[in-house]
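# Structural overview for review
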Amino acid sequence: MSLNKEMTAADVVAQLRDGMTIGIGGWGPRRKPMSLVREILRSDLKDLTVVGYGGPDMGMLCAAGKVKKLIYGFVSLDFIPLEPFFRKAREAAQIEAMELDEGQLHWGLRAAAMRLPFLPTRVGLATDQLTKVNPDLRTVTSPYADGEVLLAMPAIKLDVALLHLHTADRLGNTRLYAPDPFFDELFARAADRVYVSCEELVDRIASDEADAQSNPFERSLVTGVVAARGGAHPTSNVAVVAKGGSYGWDAAHLKRYCAAADEDGGWARYAEEFINGGEAAYQQAVGGLDAIVTLPRQVF
Amino acid sequence: MASTEFTLAELLICACADVWRDEGEVLATGIGIIPRIAQGLAKLTHSPGLMITDGEAFLVEEPVVIGAKNHDGRSYAGYMPYSRVFEALWHGRRHALVGPVQVDRWGQANISCIGEFSKPKRQMLGLRGFPGNSINHTNSMFVPNHGPRVFVEKEVDLVCSVGYRKERWPQGVKNDYMRIHHIVTDLCVMDFGGPDHAIRVVSLHPGVSFEQVEAATGFPLIQAPDMGETTHPTAEQLAIIRQLDPRDVRSKQLKDNPPGIRQPA
């Protein structure tokens, strides 16, 4: 087969447009496609709707003024419970916010993945979500004898999903060896186009059956693959097997980044020091690739 | 045998562990250090059927030690990634011990924001899992700073988790699966056993009076008929707590690490 889906981060960002809805995989400070996010930060893109279980990806995009609307289950760095740039954007009412229960977000992505307009759930009923948080949400009544009233969680359709995985080949076959795959599969299915950055890009993955079970979704969903060793930094990219690369998140760097939220002009200085010079300069500025990929895994 | 030497944190760990007594084979999820030690204590004492995780994506039958430096020696009984957490919690066999920022007389809780949602005075954690947890399975709450800013006079600023306020449950909305079991605070243990699920004090921590709890609460409280003193930790419980938390992380959870038996105010 002559398929070759290899791209650069710049190629990916060149295919994005103002106003798009972009889903980002991972979870908080875990397995975010940060090298792709940094490429967006360097671009002129604006008015994005960003969807995900947010971490520094959402915080940085807010700080850089790229975001019109966030659709989120949370925006957290885990050991720093609230993302400070997200907090600033919310408290200044700079962004539209569709705040969801974590399970509702997966349900909305699943509805989109199944090409349904909505999926029913009890989650959100009897709270303030339908009144104060998301007044556009509607309920639906069961057509069966029970007559139960349920929330109709609308499909969260994505123009693009950005994911960071361990291994990919040029056909778009992938491997994900994380302790928890989170909802990357649903992001992929909910999106018209999926761009995967990876620690290791090979010509052809040809593995045994056990390894093939670590394939999170089929290659037909994948539009492009980007080689990005260390690309999740400063978030983690843990593997539970001795392949695909494995590293923890960079707590010191994340603290440095968060401290910038308390300084006047802090984001501009952070961007100047780390982002604006390109990915190679980024990796040098944070201590080099060897330092990134040997960051110890966090223990809980 | 009850011990005379224990800290308030250790008393609270034992009181928190008790929320899972007689709950059977449920997924126990304690958020924060004291609830996490408590779930391990419950599992190693009165509730061996509890399912707990390693704090990440795997089920363990031996609770993991707080503050471990590496994964050495861990063994896993099962798998519990977030996709399965959602499946399990929507299915109902879970009992979470959560830490709300505001709680009202109906047991409704807020962790999302203070002020108007559209432009919050203070953005907090967001809804997180509160809507889904609260309508699908049993929850208890841990409040280490019992005061009128937590236990508010009126309704919480933003109802994130469901409670027993009738007006919130219109015709057709099913409340069969929700249950708020206990609230453990630094002053007392409460439940919802009063008329129409009104909050009652079921036990006072050593040295705390009912009047003191009332003064720290924004809504009226009831005394349970058999209200007594919160059970002191036993020597066995304290030994297990030390084993689960060998670096004494628990001592840093409450300001000044107060003793378990406080002098009456």
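Being a predicted model, the structure only gives us computed values, none of them experimental. (Residues numbered from 1 in each chain as written. Chains lettered and ligands numbered in written order. Predicted model: local features only at pLDDT ≥ 70, side-chain atom pairs only at ≥ 80, totals over all residues. Heavy atoms only, no water.)

### What to know about the overall build of chain B
Counting its secondary structure elements, chain B contains six helices and 14 strands. Taken against the 2.2 N^0.38 rule, which gives 18 Å for 265 residues, the C-alpha radius of gyration of chain B at 18 Å falls within 12% of a compact globule. With respect to the three principal axes, the spread of C-alpha positions in chain B is 50 × 50 × 35 Å. Every one of the 265 residues in chain B was classed for burial, and the buried ones make up 57%. Restricting the contact set of chain B to residue pairs at least 6 apart, pairs at least 24 apart contribute 66%. (Helix = DSSP H or I, 4+ residues; strand = E, 2+ residues; numbered from the N terminus. Rg over C-alpha atoms; globule rule 2.2 N^0.38 Å. Buried < 20%, exposed > 50% of the residue type's maximum accessible area, 1.4 Å probe, protein only. Contact = heavy atoms within 4.5 Å.)

### Section: the packing of helix H5 (residues 102-113) of chain A against helix H3 (residues 82-91) of chain B
One way to put it is that H5(A) packs onto H3(B) with a least axis distance of 11 Å and a crossing angle of 110 degrees. With respect to H3(B), the axis of H5(A) lies roughly perpendicular. Contact residues: A:Glu102, A:Gly103, A:Gln104, A:His106, A:Trp107 and A:Arg110 in H5(A); B:Phe86, B:Glu87 and B:Trp90 in H3(B). Split into classes, the residues belonging to the contact of H5(A) with H3(B) amount to three nonpolar, three polar and three charged. (Axes fitted to C-alpha atoms, helices over the stretch in contact; angles between N-to-C directions. Parallel < 35°, antiparallel > 145°, perpendicular 65-115°, else oblique. Nonpolar A, V, L, I, M, F, W, Y, C, P; charged D, E, K, R; others polar.)

### Some remarks on the confidence of the model for chain A
Looking at chain A, pLDDT values average 97 and 99% of them are 70 or higher. Mean pLDDT values for the elements of chain A range from 95 in helix H6 (residues 129-133) of chain A up to 99 in strand S2 (residues 21-24) of chain A. (pLDDT = per-residue confidence, 0-100.)

### Considerations on the pattern of salt bridges
With the rule as written, the count across this model stands at 36 salt bridges over all chains. A:Asp211 serves as the salt-bridge partner of A:Arg175, at 2.5 Å between the closest nitrogen and oxygen. Of this pair, A:Arg175 sits in strand S10 (residues 174-175) while A:Asp211 sits in helix H8 (residues 209-212), placing them 36 residues apart in sequence. Look at A:Arg175 and you get buried, because its relative accessible area is 7%. As a salt-bridge pair, B:Asp245 and B:Arg250 come within 2.8 Å of each other at their nearest N and O atoms. Accessibility assignment for this pair places B:Asp245 and B:Arg250 in one class, buried. What emerges from the salt-bridge pattern is a single network uniting A:Asp128, A:Lys132, B:Glu155, B:Arg165, B:Glu167 and B:Arg168. (Salt bridge = Lys/Arg side-chain N within 4 Å of Asp/Glu carboxyl O.)

### Let's talk about the pairing of strand S10 (residues 138-143) of chain B
Residue and element names in this part refer to chain B. Counted residue by residue, S10 has six buried out of six residues, so it is predominantly covered. The alternating pattern of S10 places Thr-138, Ser-140 and Phe-142 and Asn-139, Met-141 and Val-143 on opposite faces, both of which are buried. Sheet analysis places strand S5 (residues 94-98) next to S10, joined by four bridges and oriented parallel. Directly across from Val-98, in S10, lies its bridge partner Met-141. As defined by bridge partners, S10 adjoins strand S11 (residues 179-185) across five bridges and the pair is classed as parallel. Counterpart to Phe-142 in the pairing with S11 is Val-184. (Pairing = 2+ DSSP bridges.)

### Things to note about the sheet that holds strand S4 (residues 78-79) of chain B
All names here are of chain B. On the basis of which strands lie adjacent, the open sheet formed by three strands has the order S2-S3-S4 and antiparallel pairing. Edge strands, defined here as strands with exactly one partner in the open sheet, are strand S2 (52-53) and S4. Bridge count between strand S3 (residues 58-60) and S4: two bridges; the pairing is antiparallel. When the sheet's bridge partners are listed, Phe-58 is paired in S4 with Tyr-79.

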